[in-house]
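Chains, contacts and geometry: an overview
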Amino acid sequence: MKYEAVIGLEIHIQLTTRTKMFCSCPVVGYDVPPNTAVCPVCLGMPGALPVPNKKAVHYALMLANALKCKINKRSIFARKNYFYPDLPKGYQITQDEIPIAEDGKLLLRLPDGTQKIVRIRRIHLEEDAAKSYHIGTGEITLVDFNRCGVPLIEIVSEPDMRTPLEAATYVMKLRQLVTYLGICAGDMEKGNLRVDANVSVRKIGQTELGTRTELKNLNSFRFLQKALQYEIERHIKLLESGEKVEKQTLLWDEHQSKTVLMRTKEESSDYRYFPEPDILELVVTDDQISNAEKDVGELPDERIERFMRSYNLSRELAESLCATKSFSDYADRVLEAVKDKKAAANWLLVEVMRIINEKNISADELKVSPEELAKLLNMLSDGEITRPIAKKVFKRMAESGDRVEEIISSMQVKVINDDSQIEKIVDEVLQENADAVRKYKAGKKGVFGFFMGQIMKKTRGQVDPKVVNKILLEKLEG
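Let me sum up the structure you'll find in this document.

1. Points about the environment of Tyr273
- In this fold, Tyr273 is placed in the loop between strand S14 (258–264) and strand S15 (274–275).
- Since its relative accessible area comes to 26%, Tyr273 is described here as partly exposed.
- The spatial distance from the C-alpha of Tyr273 to the C-alpha of Gln95 is 9.2 Å, given a sequence separation of 178 residues.

2. A look at the layout of surface pockets
- Reported here for the second largest pocket is a volume of approximately 1,200 Å³.
- Residue lining of the second largest pocket: 36 residues in total, with Met172, Arg175, Gln176, Ala323 and Thr324 positioned closest to the centre.
- At the level of elements, strand S6 (101–109), helix H2 (164–181), helix H5 (300–311), helix H6 (315–321), helix H7 (325–337) and helix H8 (341–359) are the ones that each hand at least two residues to the lining of the second largest pocket.
- No other element matches the six residues that H2 contributes to the lining of the second largest pocket.

3. Side note on the nonpolar core
- Membership of the largest hydrophobic core comes to 73 residues, with the highest contact counts inside it found for Leu9, Ile13, Leu63, Leu125 and Tyr170.
- With nine residues, the top contributor of residues to this core is helix H1 (residues 54–66).
- When sequence neighbours within four positions are dropped, the list of residues in contact with Leu125 reads Leu15, Met21, Ala56, Val57, Ala60, Phe77, Thr94, Gln95, Ile100, Leu152, Ile153 and Leu282.
- The next biggest cluster of nonpolar side chains, apart from the first, holds 41 residues, and it includes Leu335, Val352, Leu377 and Met379.

4. Points about the sheet that holds strand S4 (residues 77–81)
- Taking strand neighbours across the sheet as the criterion, the three strands line up as S5-S4-S15 in an open arrangement whose pairing is antiparallel. In the strand order of this sheet, the two ends are held by strand S5 (91–95) and S15, each with one partner.
- The pairing of S4 with S15 spans two bridges and is classified as antiparallel. Bridging across to S15, Arg79 finds its partner in Phe274.

5. As for the pattern of salt bridges
- Per the counting criterion, the structure on display carries 37 salt bridges.
- The partner of Asp329 in a salt bridge is Arg303, and the shortest N-O contact between them spans 2.6 Å. Here the residue Asp329 occupies a position in helix H7, and Arg303 occupies one in helix H5, the gap between them amounting to 26 residues.
- What makes Asp329 partly exposed here is its relative accessible area of 29%.
- For Arg303, a relative accessible area of 7% translates into the label buried.
- Sharing partners across several salt bridges, the network here consists of Glu298, Arg303, Arg306, Lys325, Asp329 and Asp332.

6. Observations concerning the packing of aromatic side chains
- By the definition in use, this model includes seven aromatic pairs.
- Note on Trp347 and Phe394: the rings are 5.9 Å apart at their centroids and 80° apart in plane angle, and the pair reads as edge-to-face. Taken together, the positions of Trp347 in helix H8 and Phe394 in helix H10 (residues 387–400) put the pair 47 residues apart, joining distant regions of the chain.
- Classification of Phe394 by relative accessible area gives buried; the value is 2%.
- Ring centres of Tyr440 and Phe448 lie 6.3 Å apart, and the angle between their planes is 40°; on these two criteria the pair is classed as tilted.
- By relative accessible area, Tyr440 is classed as buried at 4%.
- Since its relative accessible area comes to 14%, Phe448 is described here as buried.

Calculation rules
Residues numbered from 1 in each chain as written. Predicted model: local features only at pLDDT ≥ 70, side-chain atom pairs only at ≥ 80, totals over all residues. Heavy atoms only, no water. Helix = DSSP H or I, 4+ residues; strand = E, 2+ residues; numbered from the N terminus. Buried < 20%, exposed > 50% of the residue type's maximum accessible area, 1.4 Å probe, protein only. 1 Å grid on protein atoms, 1.4 Å probe; cavity = no way out; pocket = protein on both sides within 12 Å on 5 of 7 lines; lining within 4 Å. Points joined across faces, edges and corners; volume = space filled by probe spheres on them. Core = buried A, V, L, I, M, F, W, Y, C linked by side-chain atoms within 4.5 Å. Contact = heavy atoms within 4.5 Å. Pairing = 2+ DSSP bridges. Salt bridge = Lys/Arg side-chain N within 4 Å of Asp/Glu carboxyl O. Phe/Tyr/Trp six-rings, centres within 6.5 Å; stacked < 30°, edge-to-face > 60°.

Here's what the structure looks like:
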């Protein structure tokens, strides 16, 4: 490969504030009737004055701290001018020359185990545009202004990524970070997190950047990777054939599996940025910065390292447990209270995750408390119940929310620990299946599993399979 890709990303995250960026209108979902969560400020009526949302500023400071950015104690809002039906004022209030924070970094751990630092150029606050609805084949467009003015943070990276996989890993990591901080819901399908990608190619060893194209509104990790891969290959084909890459803004068409032209690429000067005259300088104090730092809490990478260190888990297990904050909060309380940490980690990732996926809930909505699950797992590790019984009990707990002792008492599923009683049951099974015994002794060892199944059925799973295995083997081979 003679060429390398150069990728930079611009990510808009919708903040989980109660009200909009510059007015007191509530932030609502799409289930609210169109154009009902609006006021003169977000509709751009003459004489209406915007006032910055204090909570949005706090969230921006939290993110700046988490990304190790330099915080500008004085920043400026600006007007970004462009004309489109979803922009009632004819401009967007954003930050240009002096953003709230800049010069940060995000550490990525790639699937092959290598690490990469992506530099963050800037993060800035701005307002969202309205939502357009295209009817039929596009002859009619309706605009819902409920979303207009919703607070956003834009995170602009340096062009440090070289592959679509690195870009997808960066977005995944950033999504994990903002959801851990609690400042964004992170649902890409609902537009909580939107990705624009700038991509160019250049010959390996060359330092000068090539002509870039911008891919807009990539709303899934898969689309991001596919669109970037397509665009990289398209750039290379153009250059190899002696043609030039044009500066364009493109959309990804999933049906055609190709990028399509949205518009020719604008330059910064096209937007005619100038300071917003209706908003004074945004001044943040040392106390505000300190309070934001306190609210950051334990970050994903820090939690992963703690899980590895405190619970003696592999990195793979720790990363899986810490994928989301709600699940890792739940797992943390379970792991703290159990004896067998690794077995508990695997139970969490298989049995608990199965319930979460089946019910489409988060970990904090489970009816089984971490403390009750820990009791169940400790009974399993102590040999008081078998794994099949533990799974049945857990399923009942997840449905009813009852305590583990109550369920085990009602099911009467204590383990049979008396070897003589187990031996008697094994003898019964062998006597009832004389033909299978003859087959085993004739060399058909596969029927061993049949015997195990019959014994577990007869005992309702109340025996330790290892003990049964040992006694059964002695009987058949003796």
